[in-house]
Amino acid sequence: MEDLKLSKVQNIPIENDKGVSLYVKREDLIHPFISGNKYRKLKYNLEEAKYKGQNTLLTFGGAYSNHIAATAYAGKISGFKTIGLIRGNELESEVEVNPTLKFAHSNGMQFKFISRESYRQKAEEEFLDKLKSEFGSFYLIPEGGTNALAVKGCEEILQKNDYRFDFICCCVGTGGTISGLINTSGGNQKILGFPALKDDFLRQDIRRFATKENWDLINDYHFGGYGKIKPELVAFINRFKKNYDVPLDPVYTGKMMYGIFDLMAKDFFPKQSKILAIHTGGLQGIEGMNLKLKQKGWLQIE
Ligand SMILES: *Cc1c(COP(=O)(O)O)cnc(C)c1O
């Protein structure tokens, strides 16, 4: 894939009497279709796939997966065939109405829809062997794209200028992104992860890749679980965009930023703290979420 420009760091002019300042690193702007951290996570995996002489990428994801959308597009521009195993047989008839699947499909991704039960076996050898006999040889990218090469890519998010910050905040799904941030952070910086889901094993997963201990997870802002949403979160996202001209997504970055604002209000951060929040992208998911919000008759994301 093409090399990226440095992503811009933007001030969020918050009002507070403790001298706390907040900045956002706009990884959402590094590529129009390969959203933020998914670009970082795919970069070295695609190089490895080429090096191994593979011409097909196979990966997994759910109905609104940023990773599925990103892999389809990255595969297309890098000359790979892409196969997506999608969780939920019922989605087969919804490709044309689901914005994420429609996008991936129009960029050449071939789908196989599987039940939630088979989806759980996706890392097992027997299951992968069956896929090999069905599709021939492929380069496997795990769910959410996290592996050692993905972490290596995420080690390139922080740049020299970012060592002036005391706190680095990021969203956590599978833990690949935060691991990369931890590995290149300064020892005096603290990395705070905001999980977008309930998961008791995340800490263990992060320890597999992270080389330092200067991090913590804040588990209070998942809003009930992965992809779960509440009207107050939608209202926050809309207010944030209006006030600061930065769009947030409902699955990851909206929850993190809600958490950061709540923690600031509760005086979690010491006086004069400089906070850098990583905007990992994910904006392609807004359209799909709005369809769900509309069905519920709730406020939509603007
Ligand atoms: C996938 C994703 C994450 C989670 O990244 P992990 O490396 O799986 O923890 C965070 N933010 C956005 C926008 C994502 O799409």
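All of the points below concern the structure found in this document. (Residues numbered from 1 in each chain as written. Predicted model: local features only at pLDDT ≥ 70, side-chain atom pairs only at ≥ 80, totals over all residues. Heavy atoms only, no water.)

Here we take up the sheet that holds strand 7 (residues 167-172). As summarised here, the arrangement of the 6 strands in space is 1-2-10-7-8-9, forming an open sheet in which the pairing is mixed. Each edge of the sheet is formed by a strand with only one pairing partner; in this case those strands are strand 1 (9-12) and strand 9 (215-217). Mean inter-strand twist for the sheet, computed between neighbouring axes without regard to direction, equals 25°. Here 6 bridges tie strand 2 (residues 21-26) to strand 10 (residues 274-279), and the two strands are oriented parallel to one another. By the bridge assignment, serine 21 is partnered in strand 10 with lysine 274. Contacts from helix 10 (residues 253-265) reach strand 1, strand 2, strand 7, strand 8 (190-195) and strand 10, with the element oriented near 165° to strand 10. (Pairing = 2+ DSSP bridges. Helix = DSSP H or I, 4+ residues; strand = E, 2+ residues; numbered from the N terminus. Axes fitted to C-alpha atoms, helices over the stretch in contact; angles between N-to-C directions. Contact = heavy atoms within 4.5 Å.)

Here the focus is the sheet that holds strand 6 (residues 139-140). Each strand in a sheet pairs with another by means of backbone hydrogen bonds, the pair being arranged parallel or else antiparallel. Pairing is parallel in the open sheet, where 4 strands are placed in the order 5-4-3-6. This sheet does not close on itself; its edge strands, each paired only once, are strand 5 (109-114) and strand 6. Alignment of strand 3 (residues 56-61) against strand 4 (residues 81-87), held across 6 bridges, turns out to be parallel. Bridge pairing in strand 4 links leucine 58 to isoleucine 83. Contacts between helix 5 (residues 125-135) and the sheet are confined to strand 3, strand 4, strand 5 and strand 6, with strand 5 contributing the most and set at about 135° to the helix.

The subject of this paragraph is the packing of aromatic side chains. Summed over the entire model, instances satisfying the criterion amount to 18 aromatic pairs. Their ring planes at 40° and their centres at 4.7 Å tell us that phenylalanine 33 and tyrosine 73 sit as a pair that is tilted. Here phenylalanine 33, found in the loop between strand 2 and helix 1 (36-51), pairs with tyrosine 73, found in helix 2 (residues 66-78); they are 40 residues apart in sequence, far enough to count as distant. The exposure class of tyrosine 73 is buried, given its relative accessible area of 15%. Aromatic pair phenylalanine 236 and phenylalanine 261: ring centres 5.5 Å apart, planes at 75°, arrangement edge-to-face. Here the residue phenylalanine 236 occupies a position in helix 9 (residues 231-244), and phenylalanine 261 occupies one in helix 10, the gap between them amounting to 25 residues. An aromatic cluster of at least three residues, connected via ring pairs, comprises Phe194, Tyr221, Phe223, Phe236, Phe240, Tyr244, Tyr258 and Phe261. Over the face of the ring belonging to tyrosine 23 we find arginine 164, whose NZ or CZ atom lies 5.6 Å from the ring centre. A cation sits over an aromatic face here: lysine 296 above tryptophan 298, 4.7 Å from the ring centre. (Phe/Tyr/Trp six-rings, centres within 6.5 Å; stacked < 30°, edge-to-face > 60°. Buried < 20%, exposed > 50% of the residue type's maximum accessible area, 1.4 Å probe, protein only. Lys NZ or Arg CZ within 6 Å of the ring centre and 35° of its normal.)

As a further point, take the pairing of strand 5. Sheet topology places strand 4 next to strand 5; 6 bridges connect them, and they run parallel. Counterpart to leucine 85 in the pairing with strand 5 is lysine 112. After leaving strand 4, the chain enters helix 3 (residues 99-106) and then returns to the sheet as strand 5, a path that is right-handed. (Right-handed = clockwise from strand over helix to strand, strands pointing away.)

Here we come to the nonpolar core. Core analysis: the largest hydrophobic core is formed by 38 residues, its most contacted members being Leu22, Phe194, Met257, Ile260 and Phe269. If sequence neighbours within four positions are ignored, methionine 257 has contacts with Leu22, Val24, Phe236, Phe240, Leu248 and Ala277. With 18 residues, the next largest nonpolar core counts Phe165, Ile168, Ile206 and Ile278 among its residues. (Core = buried A, V, L, I, M, F, W, Y, C linked by side-chain atoms within 4.5 Å.)

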